[in-house]
Amino acid sequence: MVDITQNLIFSKEEFQRRISAVQEGMGKNGFDVLFLFSPEHIFYLSGYQTFGYFSYQALIVPAKGEPILILRFLETFLARLYSWVSKVVPWDDYEDPISVTVRAMKEHGLAKGRIGIEDGGFYMPFPVWRRIREGFPDSSFEDGACLVEQVRVRKSSEEIAYMRKAAEYTSAGMAAGVAECQAGRTENDVAAAIYGAMTRAGSEYSPHDPIVTSGWRSGIPHTTYARRRLEPGDTVLIEITGTHHRYVAPLMRTVVVGEPSPKVREMASLVMQGLEGAIAAIRPGVTSGEVDDVCRGIMEKAGYYENFRKRTGYSVGFGFPPSWNEGHIVSLRKGDGTRLEPGMVFHLPVALRDYGISCVGLSETVLVTDKGCEVLTRYPRQLLRGE
Amino acid sequence: MRLGENFGLAFPRKEYDRRLGAVQKGMASQGVEGLLLFAPANLAYLTGYNTIGYTNYQCLLVTADKKPILVVRLLEGPVAGATSWLDTILTYEDHEDPAIAVRRAVEKAGLLSRPIAVERISAFLNIRDYWHLEEVLGTKFEDGSGLVENVRVIKSPVELEYMRTAARTTEAGMKAAYEAIQEGKTENDVAAECYRAMVAAGSEFFSSQPILTSGEKSGIAHTTFHRRTLKEGDPVLIEIGGVWNRYTGALMRTAAVGKVSGEIQRMYDACVEALEATLGAIRPGARSEEVQGACQNVIDRRGYEPNFRKRIGYSLGIGFAPGWGEGHIMDIKHHDSRELRPGMVFHVVPALRQNGEYGVGLSETVTVTEKGVEVITNFPRELFIGGTGKKKAQEMGKGQKKK
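Not measured: the values here are computed from a predicted model.

What counts as what
- Every chain's residues receive numbers from 1 upward, in the order its sequence appears when written.
- Written order determines the labels here, with chains lettered from A and ligands numbered from 1.
- Where totals are concerned, whole chains, interfaces and linings use all residues; where local detail is concerned, this predicted model gives features only for residues with pLDDT of at least 70, and gives and counts side-chain atom pairs only at 80 or more.
- Under the DSSP-based scheme used, a helix requires at least four consecutive residues in state H or I and a strand at least two consecutive residues in state E, with every element numbered from the N terminus.
- The size measure is the radius of gyration over C-alpha atoms, and the globule rule it meets is 2.2 Å times the number of residues to the 0.38 power.
- Remark: C-beta atoms are placed from the backbone, and a residue is labelled buried if 20 or more other C-beta atoms sit within 10 Å of its own, exposed if 12 or fewer do, or partly exposed between those counts.
- In this description, a residue-residue contact is defined by the distance between C-beta atoms placed from the backbone, which must lie within 7 Å.
- In the scheme used here, Gly and all other residues not listed as nonpolar or charged are polar, with Ala, Val, Leu, Ile, Met, Phe, Trp, Tyr, Cys and Pro taken as nonpolar and Asp, Glu, Lys and Arg as charged.
- Expected helix span is taken as 1.5 Å per residue step, with the number of steps being one fewer than the number of residues.
- Axis angles are defined between N-to-C directions and span 0 to 180 degrees, where every axis is a line fitted to C-alpha atoms and, for a helix, only to the segment in contact.
- In what follows, roughly perpendicular refers to angles from 65 to 115 degrees, roughly parallel to angles under 35, roughly antiparallel to angles over 145, and oblique to any angle outside these ranges.
- Handedness of a helix crossing follows the sense of rotation of the near helix relative to the far helix, less than a right angle counterclockwise being left-handed and clockwise being right-handed.
- For each domain, the first and last residues come from an automatic or database assignment.
- Buried Ala, Val, Leu, Ile, Met, Phe, Trp, Tyr and Cys residues whose C-beta atoms connect them within 7 Å together make up a nonpolar core.

1. Side note on the overall build of chain B
Piece 1. The number of helices and strands found in chain B is eleven helices and 17 strands.
Piece 2. Taking 403 residues into account, the globule formula puts the C-alpha radius of gyration at 22 Å, and chain B, at 23 Å, falls close to it.
Piece 3. When the 403 residues of chain B are sorted by exposure, 56% land in the buried category.
Piece 4. Sequence separation of at least 24 residues holds for 68% of the intrachain contacts in chain B that already meet a minimum separation of 6.

2. Regarding the interface of chain A and chain B
Piece 1. Contact residues are listed per partner, giving 52 residues for chain A and 52 residues for chain B.
Piece 2. Taken together, the elements giving at least two residues each to the side of chain A that touches chain B come down to helix 3 (76-82), helix 5 (126-135) and helix 8 (187-201) of chain A.
Piece 3. The dominant element in the side of chain A that touches chain B, judged by the number of residues it contributes, is helix 8 of chain A, at eight residues.
Piece 4. Counted by class, the side of chain A that touches chain B contains 25 nonpolar, 13 polar and 14 charged residues.

3. Describing helix 8 of chain A
Residues and elements named next belong to chain A.
Piece 1. Relative to the 21 Å expected for 15 residues at 1.5 Å per residue, helix 8 spans 21 Å between its end C-alpha atoms, a close match to the ideal helical length.
Piece 2. Among the 15 residues that make up helix 8, 15 are buried, leaving the element largely enclosed by the rest of the structure.
Piece 3. Backbone geometry just downstream of helix 8 places glycine 202 in the positive-phi region, at approximately 125°.

4. Regarding the packing of helix 7 (residues 157-180) of chain B against helix 8 (residues 187-200) of chain B
Residues and elements named next belong to chain B.
Piece 1. The geometry of helix 7 relative to helix 8 is characterised by a closest axis approach of 7 Å and an angle of 150° between their N-to-C directions. The orientation of helix 7 with respect to helix 8, classified from their angle, is roughly antiparallel. Seen from above, helix 7 lies across helix 8 with right-handed handedness. In this structure, helix 7 uses Thr169, Thr170, Ala172, Gly173, Ala176, Ala177 and Ala180 to contact helix 8, whose residues at the interface are Asp189, Val190, Glu193, Cys194, Arg196, Ala197 and Met198.
Piece 2. Of the residues that constitute the contact of helix 7 with helix 8, the class distribution is eight nonpolar, three polar and three charged.

5. Considerations on the domain arrangement of chain B
Residue and element names in this part refer to chain B.
Piece 1. Here the domain parsing of chain B yields domain 1 (13-152) and domain 2 (157-398).
Piece 2. Here the C-alpha centroids of domain 1 and domain 2 sit 34 Å apart.
Piece 3. In this assembly, eleven residues from domain 1 lie in contact with ten residues from domain 2.
Piece 4. Listing elements by their share of the side of domain 1 that touches domain 2, those giving two or more residues are helix 2 (40-47) and helix 6 (149-152).

6. Overview of the nonpolar core
As a rule of thumb, soluble globular proteins bury nonpolar side chains together.
Piece 1. Residues A:Ile60, A:Val271, B:Leu37, B:Cys194 and B:Cys271 are the most contacted members of the largest nonpolar core, which totals 255 residues.
Piece 2. Apart from the residues lying within four places of it in its own chain, the contact partners of B:Cys194 are B:Gly173, B:Ala176, B:Ala177, B:Pro210, B:Leu212 and B:Ile240.

7. A few points about unusual backbone geometry
Piece 1. A:Pro321 connects to A:Pro322 through a cis peptide bond whose omega is 15°.
Piece 2. Within the secondary structure, A:Pro322 sits in the loop between strand 12 (313-320) and strand 13 (323-325).
Piece 3. Here the bond from B:Ala321 into B:Pro322 is cis, since omega is 5°, no more than 30 degrees from zero.
Piece 4. With respect to the helices and strands, B:Pro322 occurs in the loop between strand 10 (313-315) and strand 11 (331-332).
Piece 5. You will see that B:Arg227, though not glycine, has its phi angle at about 65°, which is positive.

8. A look at the domain arrangement of chain A
Much of the literature gives interface size as the accessible area that the parts lose upon coming together.
Residue and element names in this part refer to chain A.
Piece 1. Domains assigned within chain A are domain 1 (12-151) and domain 2 (157-386).
Piece 2. Each of domain 1 and domain 2 has a C-alpha centre, and these two points are 34 Å apart.
Piece 3. Contact with domain 1, which involves seven residues of that partner, is made by five residues of domain 2.

Written as structure tokens, this is what we have:
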């Protein structure tokens, strides 16, 4: 057996707190076992991380006691590096991983009762589900992913420290990107500078590549860099995150190449008011919908709702490609009654689009504190200017 | 403006027509009148639709003889219109049920209560949404997995051209990485140069970001850059793929910091010989398992059988994160009698690992031609000794064959 030095990125107490909180939720909701498949939930509870999550992997959490990791043999070395979980069951490439799972659960007396399972997300396609269902004829299955999400949504001080570190990488990337926003440079030049600076500062592979979109293309949602050359008058929308031990701190800024048009100035003023209004509204006890009302209300009053028409923010923490978004856990959106609690973290991307013409967006990553909130991202909050 | 250089359709319209026709033919032979697709690569392949918002619920309805209908989130409407050739794009708002929008599309196509297939084997259709959609449509789906993939597996001349262009950006990244390797620098310093150079050379957002791992960590599968400081004698394993119009050109190489130990060099030499044997076996009509066998013979003869328990290659083409591979479509492995055909593209990756100690490997992206094989990536194959001054790296750059 090769000697691999364990390198836990959180304290044992932190992992114990997470597992205990999930097991408490299982007890309250009458689950005997929780069956998790997404790299996010597995990482959160076990510490194990890989970019090989395209292979079948599972974390089995019993109502009491230590969880079990089921991993492709190649991945077991990473479990020894990153995870505190000692029960690791490998499957070889010539074996059927679901049979291995069923066998392991039977050995541990976990193949009956009420099983909580992740039936949403990217990692539960039809064929896997069918095989699992067949493997546990005496069990009933229900969606149990929310039991982990309810714990994940509040970040601990150890997690916040990593998000602050990520925010440093984000700032380094933003500064490098903004400096490239000059007429004659391409969107790719801007993105290249961001990747270079952020990674050099210490950032890991990002849950999502930098978003850089300019000119008329910036007025089309979900475009990103595609070799377009910057021209005077262009708005350049940049949305990026640094990553530290998988934790993120996203930030959006807009650069105008040369002089902003009156329309761009007006949109910038509204976006600033919307973002600052939302930040001022964030405190424990307020509902998600109330925060959204403030920002959306500013857009509606100014006659700009059609140019906004989205939620004000979403939860963020850590991530694996293709997304840093925890919006499925909680979003700041119209009518949402979820009450904010200390330790929740939100990304607030407030953007207005003059569709097909330009875009102005600003965001911060914000931590809910005991009394109000703290902005974790650190970059001048203004419409930025390029030559 | 060159087609696809800025925006608009990435391929000539007749290429999309050909792809769609081939999928419709497959549907007819399976007896289905509608096909619901969810994988972003399949949507882009058939329609051109290209977004970074592909994690939202989206669905393409392919019918037997009419134009497909796309269902996307409202926010995606403009980018779907700008990047695809479709006329009919239905949208849903954030407070609406997307399955209802899919039902509208099915009704519009007159296919309610007709036989409809979905791609069951897609990471982008989970079981919860699958059941819900069956309920909303009042039907039981047939399995349409593979109907698009069977067409995707053979690349057209234009697709191959994009993969060659992608490969040029990949090579720029590898060269920049070589030049950045230096004792005392971090893995991140080298990865930063990889990213920067590939994107500056024109690469788009990645299907898989650079993988770079060094020292003992290179002996652990699926590690990547994590701020480790480089020491003399470290192997540095690099695997990267630049992207052009969503097509990847993938490349793996191994470098070492300052000097290389005899055992690492011997292991790398085995990989080079295995790669050459693999390329020598690739030709139309060769069976997947035969090609794997050609590689395995070298590995076994060199005594590395315990260090190599994997397939030698997998199909490569259009992709969206997380992952550039098309291994679910076609791969090169033992006990696989499928034959290689002209136009297939593979990422061929002989890599060996001494678990927990070191790992080495190299790869090429290749296409099967009428007579044999064409290597799409173009980069010197020898193990590179980095950190011995800039001169060496420049020589490596010059070593590239002129296209």
